[in-house]
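Understanding the architecture of this molecule
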Amino acid sequence: MTTLIYDGSFEGLLTAVFEIYEHRLQHIKIEKGEWLATALFEDVIKVHTDERRAGRVLQGLQKRLSAGALQRLYAVHMAGMDGEDINIVGYIRYVIDSVQNVEEDYGNRYVLRVAEMVRMIRREKHRMEAFIRFQKLQDETFYSAIEPDFNILPLLGKHFKNRYTDQKWIIYDMRRNYGLFYNLHAVEFIALDFSTTRPDNVISTYTEDEGLYQNLWKNYFNSVNIPARKNTKLHMRHIPKRYWRFLTEKI
Amino acid sequence: MNEERITEKLNILADAAKYDVSCSSSGSKRKNDNNGLGNASNGICHTYTEDGRCVSLLKILLTNHCIFDCAYCVSRSSNDIKRAAFTVQEVVDLTINFYRRNYIEGLFLSSGIFKDADFTMERLVRVAKKLRTEHKFNGYIHLKSIPGASDELMREAGLYADRLSINLEIPTEAGLKLLAPEKNRQDMIKPMGFLNKEIIQRTEEKQLFKKAPIFAPAGQSTQMIIGATPETDHQVLYTSNYFYKNFNLKRVYYSGYVPVMNDNRLPALHTSVPMVRENRLYQADWLMRFYGFKVNEIVDQQNPHLDLDIDPKLSWSLRNLQVFPIDINTADLQLILRVPGVGLQSAQKIVSARKFGKLNWEHLKKIGVALNRAKYFITCSSVKFERRDLTGSAIKQYILAQSKSKYLKNSVTQLNLF
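Overview of the structure. Please read these numbers as outputs of a predicted model, since none were measured by experiment.

Okay, the interface of chain B and chain A next. On the side of chain A, 54 residues touch chain B, which itself brings 57 residues to the contact. Three residues, B:E50, B:R101 and B:F356, lead the burial of chain B against chain A; their summed loss comes to 15% of the area buried on that side. Scanning the region where chain B abuts chain A turns up six salt bridges. The closest approach of N and O atoms between A:R163 and B:E105, which form a salt bridge, is 2.5 Å. Our enumeration of links across chain B and chain A arrives at 30 residue pairs in polar contact (both at pLDDT 80 or more). When residues in the side of chain B that touches chain A are grouped by element, the largest group, seven residues, is from helix α1 (residues 3-17) of chain B.

In structure tokens, the structure reads:
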């Protein structure tokens, strides 16, 4: 068993794959981060991210995968699911070792697992497209805070840019502490320093009618309910509780 | 804006509109290519009510004043309730402000009949026109057309709305006569026919001239109330089938009747909402639209009602055991779609995956097939075949014994209803 430690980037992961082939490794573990002291006692390779090596693995993937499948693979890695790197590497190895394109070979456990992860990411991306609630600040920017399970913020930019072309907006990932800001021209990544500007300071600068529309929305939400059809289980399945504290109608 | 008054209006007019089950905001292709607000191409449910229904659009009535006295409707003229009416500008402001905060995908606007059909329809169209032309709003707009409105207004509505619908209300003409004597089935069907022709013609124009305006891009839908009158599922589904075939409807919605008033023509007030039946009708509807089933395979004279205890596909399979078992590794997609427990996505996955090797039970389970039902109807790359020599009723017993229906506790009262 060999443990590979890499820097967490996609290029780093591809470099790790290169090393697996170079050293003909069979049984591996893969971990993100720094070289830990305990790791010294194991069989450990520290992967130095290398553009040329990563590029060669990428070329191999491009030859055997459709552009869409490669994009999905990238998104799956970016999403940062715990303990899944080993499956992503398994998928890459299976693709490289196969003569034909195997992206639809759902009989293979790695292909199936990657497909499952894609589904989980899509679901959360879709949920964020649905559950983001903007609050209008005094400078006419619409602000929203979220805490998604996976790192899907980069996947949201296009959707909201197409939708809200004529308003400035911020979507902020509180868990990963970075956000998207659309300035009426382009979407950029931002980091807010909450040590000086606390979250509640940011949103204390509401416009006057923000409270009105929040109340109207809460009222509307209650008015459309049909008590005779109450179905709490279904309700909870559709909007899991962990999202509630960001939903105007559930606060 | 007077906060108190607008809140009251919204409460009254959202409450009155909630029995309309149409919720879809998909199927359109309106893009934000005028640097305006919104796009209608996604179909997103932004929240869910406590009864579990999707909230995608701001669904309101323009007014609940109504000259009609339909027995099933809360807004009927003889009902003693608070009445209200929005101004055109109020609806526009609510829509824009809700949309900017990402609460909704757009507007679903219906109305009681103020004075006559055209007078009311003209106001609905004016809201849509104002949103589109003055506010560059590209979100979804669903207008409920008023039966009897003129062709000219219907055409204008199609230019601004993504979807138009007219509620059939009751599945049969006789039922409608009983509960809504002032309403006329022909008044409902005529504008549907007009719109259908118009949509076909505009789609052809669009193919020739890229700049031709889009016209009701998400098409037409309708809704029927189920359980207020004694129609069979056979009658309900044949009506749906007729409208899908002849009017190219995108959706037919089924609305289990919620008793809202005492009327000896209607089920009593304490009667429970026929939720299971409604669910089975939707399943049957799906079978017709996506799974290649003909309506006469789902219900016929001998079986005029859908089974309440099992889904309609399983029910068909048990009546047609001679078709099975199907070999998952060789059968056509169309046939695999007919296996109980296999959905659209898993059927497609099966067809993709088997190119790489034979599939066995384990693979099928991972792909997402509901084996508790499917295993009696298929063979795969595995020696054991679960059905053995079981009869249809034995298979049904096995399946029911294994599965805990989420509706089981309701189903006893459900059965007593009919």
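Past the structure itself, the notes keep going.
Turning next to the pairing of strand β2 (residues 28-32) of chain A. Residues and elements named next belong to chain A. By the bridge criterion, five bridges tie strand β1 (residues 2-6) to β2 in an arrangement that is parallel. Bridging from a neighbouring strand, T3 pairs with K29 of β2. In this region the chain leaves β1, passes through helix α1 (residues 10-22) and returns to the parallel neighbour β2; the handedness of that crossover is right-handed.

A few words on the sheet that holds strand β3 (residues 57-61) of chain B. Note: strands within a sheet are paired through backbone hydrogen bonds, in either parallel or antiparallel orientation. Residues and elements named next belong to chain B. Read across the open sheet, the six strands follow the order β3-β4-β5-β6-β7-β8; overall the sheet is parallel. A single partner strand is all that each edge strand has here, and the edge strands are β3 and β8 (251-256). Strand-to-strand twist in this sheet, taken as the mean axis angle between neighbours without regard to direction, amounts to 20°. Bridge analysis of strand β4 (residues 106-110) against strand β5 (residues 140-144) gives four bridges, and the strand direction is parallel. Its bridge partner lying in β5, L109 is registered against L143. Lying over the sheet, helix α3 (residues 117-134) contacts β4 and β5, oriented at roughly 175° with respect to β5. Sitting on the sheet, helix α6 (residues 185-208) touches β6 (163-165) and β7 (220-226), and the angle it makes with β7 is about 150°.

Residue and element names in this part refer to chain B. Secondary-structure assignment places T120 in helix α3. Expressed as a C-alpha distance, the spacing of T120 and K144, which sit 24 residues apart in the sequence, is 11 Å. In this structure the side chain of T120 is engaged in a polar contact, spanning 3.0 Å, whose partner is the backbone oxygen of D116.

The probe, sized like a water molecule, is rolled over the atoms to show the empty space still left. Counted under the stated rule, the structure contains five cavities of 30 Å³ or more. When its volume is computed, the largest cavity comes out at roughly 590 Å³. Around the largest cavity, the lining comprises 32 residues; the ones closest to its centre are B:D20, B:Y72, B:C73, B:N167 and B:E169. Of all the secondary structure elements, the ones that give two or more residues to the lining of the largest cavity are α1, β7 and β8 of chain B. Classifying every residue of the lining of the largest cavity gives 18 nonpolar, nine polar and five charged. Quantified by volume, the second largest cavity comes out at close to 60 Å³. Lining the second largest cavity are A:M128, A:F131, A:I146, A:E147, A:R242, A:Y243 and A:F246. Of the residues assigned to the lining of the second largest cavity, the class counts are five nonpolar, no polar and two charged.

Bringing the packing of aromatic side chains into the picture now. Summed over all chains, the structure comprises 26 aromatic pairs over all chains. The interplanar angle of 80° and the centroid separation of 5.4 Å between the aromatic rings of A:W217 and B:F98 together place this pair among those described as edge-to-face. Taken as a pair, A:W217 in helix α8 (residues 210-223) and B:F98 in helix α2 (residues 88-100) lie in two separate chains rather than in one. Taken individually, A:W217 and B:F98 each receive the classification buried, so the pair is uniform in this respect. A connected cluster of aromatic rings, assembled from ring pairs, spans A:F134, A:F142, A:F160, A:Y164, A:W169, A:Y182, B:Y99 and B:F137. Stacked on the ring of B:F119, the Lys or Arg B:R123 has its end atom at 4.0 Å from the ring centre. The ring of A:Y106 carries the charged tip of B:K349 above its face, separated from the ring centre by 5.2 Å.

Once that is clear, we can look at α8(A). Compared with an ideal rise of 1.5 Å per residue, which puts 14 residues at 20 Å, α8(A) spans 20 Å between its outermost C-alpha atoms and is within 8% of the ideal. For α8(A), the set of buried residues is A:E210, A:L212, A:Y213, A:Q214, A:L216, A:W217, A:Y220, A:F221 and A:S223.

In this section: the packing of helix α7 (residues 233-247) of chain B against helix α8 (residues 275-290) of chain B. All names here are of chain B. Where α7 contacts α8, the two axes come as close as 11 Å, and the packing angle between them is 40°. With respect to α8, the axis of α7 lies oblique. Remark: the crossing between α7 and α8 carries right-handed chirality. Counted together, D233, V236, L237, S240, N241 and Y244 of α7 and R277, L281, A284, D285, M288 and R289 of α8 form the full contact between these two elements. Among the residues forming the contact of α7 with α8, the class breakdown is six nonpolar, two polar and four charged.

The next point concerns the layout of surface pockets. In this structure, the second largest pocket occupies an estimated 760 Å³ of space. Residue lining of the second largest pocket: 19 residues in total, with A:V118, A:R119, A:R122, B:Q345 and B:K349 positioned closest to the centre. Where the lining of the second largest pocket is concerned, the elements lending two or more residues are α3 (67-78) and α5 (109-131) of chain A together with α8 and α12 (344-353) of chain B. In terms of residues, the lining of the second largest pocket owes the most to one element, α5(A), which gives six residues.

The subject of this paragraph is the pattern of salt bridges. Inspection of every chain in the model, using the stated rule, returns 43 salt bridges over all chains. Residue B:E278 pairs with A:R229 through a salt bridge whose shortest N-O separation is 2.8 Å. Of this pair, B:E278 sits in helix α8 while A:R229 is found in the loop between α8 and α9 (232-238), placing the two residues in two different chains. A relative accessible area of 9% places B:E278 in the buried class. With a relative accessible area of 9%, A:R229 lands in the buried category. Connected via shared salt-bridge partners are B:E152, B:R155, B:E198 and B:R202.

How each quantity is defined
- Residues numbered from 1 in each chain as written.
- Chains lettered and ligands numbered in written order.
- Predicted model: local features only at pLDDT ≥ 70, side-chain atom pairs only at ≥ 80, totals over all residues.
- Heavy atoms only, no water.
- Contact = heavy atoms within 4.5 Å.
- Buried area = accessible area lost by both parts, 1.4 Å probe.
- Salt bridge = Lys/Arg side-chain N within 4 Å of Asp/Glu carboxyl O.
- Polar contact = N/O pair within 3.5 Å; in protein donor to acceptor, adjacent residues only side chain to side chain.
- Helix = DSSP H or I, 4+ residues; strand = E, 2+ residues; numbered from the N terminus.
- Pairing = 2+ DSSP bridges.
- Right-handed = clockwise from strand over helix to strand, strands pointing away.
- Axes fitted to C-alpha atoms, helices over the stretch in contact; angles between N-to-C directions.
- 1 Å grid on protein atoms, 1.4 Å probe; cavity = no way out; pocket = protein on both sides within 12 Å on 5 of 7 lines; lining within 4 Å.
- Points joined across faces, edges and corners; volume = space filled by probe spheres on them.
- Nonpolar A, V, L, I, M, F, W, Y, C, P; charged D, E, K, R; others polar.
- Phe/Tyr/Trp six-rings, centres within 6.5 Å; stacked < 30°, edge-to-face > 60°.
- Buried < 20%, exposed > 50% of the residue type's maximum accessible area, 1.4 Å probe, protein only.
- Lys NZ or Arg CZ within 6 Å of the ring centre and 35° of its normal.
- Expected span 1.5 Å × (residues − 1).
- Parallel < 35°, antiparallel > 145°, perpendicular 65-115°, else oblique.
- Left-handed = near helix turned anticlockwise from the far one by under 90°.

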